[in-house]
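Reading the structure
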Amino acid sequence: MPTVNYIQANGQAVQAEVKSGDTVKDGAVKSMVTGIMAECGGACMCATCHVYVHEDWRADVGEPSTEEIEVLGFADHVEDRSRLSCQISMSSELDGLVVYIPE
Amino acid sequence: MLDVNKPNKSDSVLEFGPDDGPVTEDPRHSYTIPSRYYTDSEVYEHEKAKVFSQNWWLVGHESRIPNPGDYVATRIFEQPIIAVRGKDNQIRAFYNVCKHRGHELALEESGHFSNLIVCPYHAWAYDFDGNLQRARSTDTLPGFQKCDFGLQEVRCESFLGFVFVNLAPDSPDLNDMVEDLGDSIRSIVPRQDQLTYSARYTYNISANWKVVTDNFLECYHCEKAHPALVDLMEMDTYEVTRRSWYSSHIAEAPKSNETQAYNFTKGDVDFGYAAWFFWPNTTFWAFPGEPNLMSLQIIPNGPHHTIEHLDVYLLDPEPSQQMKDAIAYMDSVLQPEDIGLCESAHRGLCSNGYNQGRLVVDPEKTEIAEWGVHHFHRLVVNALHANESTDS
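To start, this report covers the structure provided alongside it. (Residues numbered from 1 in each chain as written. Chains lettered and ligands numbered in written order. Predicted model: local features only at pLDDT ≥ 70, side-chain atom pairs only at ≥ 80, totals over all residues. Heavy atoms only, no water.)

**Side note on the interface of chain B and chain A**
- Taken together, the contact between chain B and chain A spans 13 residues of the former and 15 residues of the latter.
- Both sides together, the interface formed by chain B and chain A hides about 1,200 Å², and carbon and sulfur atoms give 53% of it.
- Joining chain B to chain A, the criterion identifies two salt bridges.
- Among the ionic pairs, B:Arg134 bridges to A:Glu67, the shortest N-O distance being 2.8 Å.
- Summed over the shared surface of chain B and chain A, the number is seven residue pairs in polar contact (both at pLDDT 80 or more).
- A per-class count over the side of chain B that touches chain A returns six nonpolar, four polar and three charged. (Contact = heavy atoms within 4.5 Å. Buried area = accessible area lost by both parts, 1.4 Å probe. Salt bridge = Lys/Arg side-chain N within 4 Å of Asp/Glu carboxyl O. Polar contact = N/O pair within 3.5 Å; in protein donor to acceptor, adjacent residues only side chain to side chain. Nonpolar A, V, L, I, M, F, W, Y, C, P; charged D, E, K, R; others polar.)

Here it is as structure tokens:
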């Protein structure tokens, strides 16, 4: 199963196996990663699953959709590398993905 | 339920019958309000409509919601309300109801919304100004416009950092109704603006909310019922001041700082007892010693029950030893004494052997007079008899 490395705001890393087809948000919620609330349940509605994608992975993860950009507008501290983790679907190509959780 | 065996039955439960004494403008001739005003469920319904839906209701304090997205929630009978701090730092109040299918948005008494107010039911999401921002799969819904489904705003004003809401769009502004109440509180608690929320104490009382309020509004009972409280002030200086919508009850500091209630160091709050009542159900208290203020909200819970929320405000949320002693006295001595009095008086008001009493108002003895109760009873009667033509 592919793994994701979640670097929490306090610097502590959580490594989790995330099934292909599940989202990066799903893995964070299952592993109780601090800072991923996913209040809307993963529907691209609330921007509480905001992550920064590690520079090396940005091309593989891809760019957010127009809708996602709109929702990211409600989050704090948004950067170019910002994504909503509920909109990143896991696959074997993303095995080893590194994401950072904003403060 | 109106007890038909009671001698004062009249067509309208609010109307004063031949067996009722008047609640006159002059307190020396006034009776207390009739007992059915305390016990009858029809009167209670009138109060919901004419008192609590028309006046300012305390929701919380600005210090409880310092950051954007922080909220406090309350319930004015069937009306759930939230007050939220916006990204522009303004506090706005809304009905705590999602415009989709009616689910409540905030489920806790206080908390924090991260980026948006997300309904726990279908995740409709509103910004802190109440605008609907996200509603999943509505893009193709014929005629659907998010701007038609914003949260319904409620009037919200602050007074000394306390956040109030009002369900009536056309009732007077809070800052007009408080008159010089702010000056009075500041004169006793000079550092009031530096106080922050510390803790909430909640009491469930088997008595009508007006029994609880009456009890707050006079110290005629203090010498008999509160020996330690009397030790905390100079009873001879106890003074009641009445304005249109509030009354104050203030006595000077005791001669000794070592009292039966608790020992204190002479501090900013240099007096004995200070309490304020703001119509219809908000009261404030301060205890002698270091800076402190308590808000006590008297919440009706049916004709025969009341909930009191007593919130403590201090310079630091963690109380000092002196404030711990003051709070312990309030919580374990003073409140149980008062609750016992109120519950017994309420049982008496339910009996067939009582309808009305007379108010004791000796102008020479303000410390043992019931001016404050009379002031409150006049407000109750005036509110319940307002706009009678609209009653049915």
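Picking up after the structure, the text goes on.
**Quick word on the nonpolar core**
- In terms of nonpolar packing, the biggest core is built from 105 residues, with B:Trp276 and B:Trp285 touching the most fellow members.
- Ranked by residue count, the leading element in this core is helix H8 (residues 321-349) of chain B, at nine residues.
- Not counting chain neighbours up to four residues away, the residues in contact with B:Trp285 comprise B:Phe216, B:Tyr273, B:Ala274, B:Ala275, B:Trp276, B:Leu293, B:Met294, B:Leu296, B:Leu310, B:Met330, B:Leu334 and B:Gln335.
- Core analysis: the second largest hydrophobic core is formed by 29 residues, A:Ile36, A:Val51, A:Ile88 and A:Leu97 among them. (Core = buried A, V, L, I, M, F, W, Y, C linked by side-chain atoms within 4.5 Å. Buried < 20%, exposed > 50% of the residue type's maximum accessible area, 1.4 Å probe, protein only. Helix = DSSP H or I, 4+ residues; strand = E, 2+ residues; numbered from the N terminus.)

**Examining the sheet that holds strand E11 (residues 196-205) of chain B**
All names here are of chain B.
- Within the open sheet, the seven strands sit side by side as E11-E17-E16-E15-E14-E13-E12. Their pairing is antiparallel. Looking at the sheet topology across the chains shown, the edges are occupied by E11 and strand E12 (234-242). Across this sheet, the average inter-strand angle for adjacent strands is 15°, counted without regard to direction.
- Where E11 and strand E17 (residues 306-314) come together, nine bridges link them in antiparallel fashion. The partner of isoleucine 205 across the bridge, within E17, is threonine 306.
- Lying over the sheet, helix H4 (residues 181-188) contacts strand E13 (246-252), strand E14 (273-278), strand E15 (282-286) and strand E16 (292-300), oriented at roughly 160° with respect to E14. (Pairing = 2+ DSSP bridges. Axes fitted to C-alpha atoms, helices over the stretch in contact; angles between N-to-C directions.)

The analysis is restricted to geometry; functional conclusions fall outside its scope.
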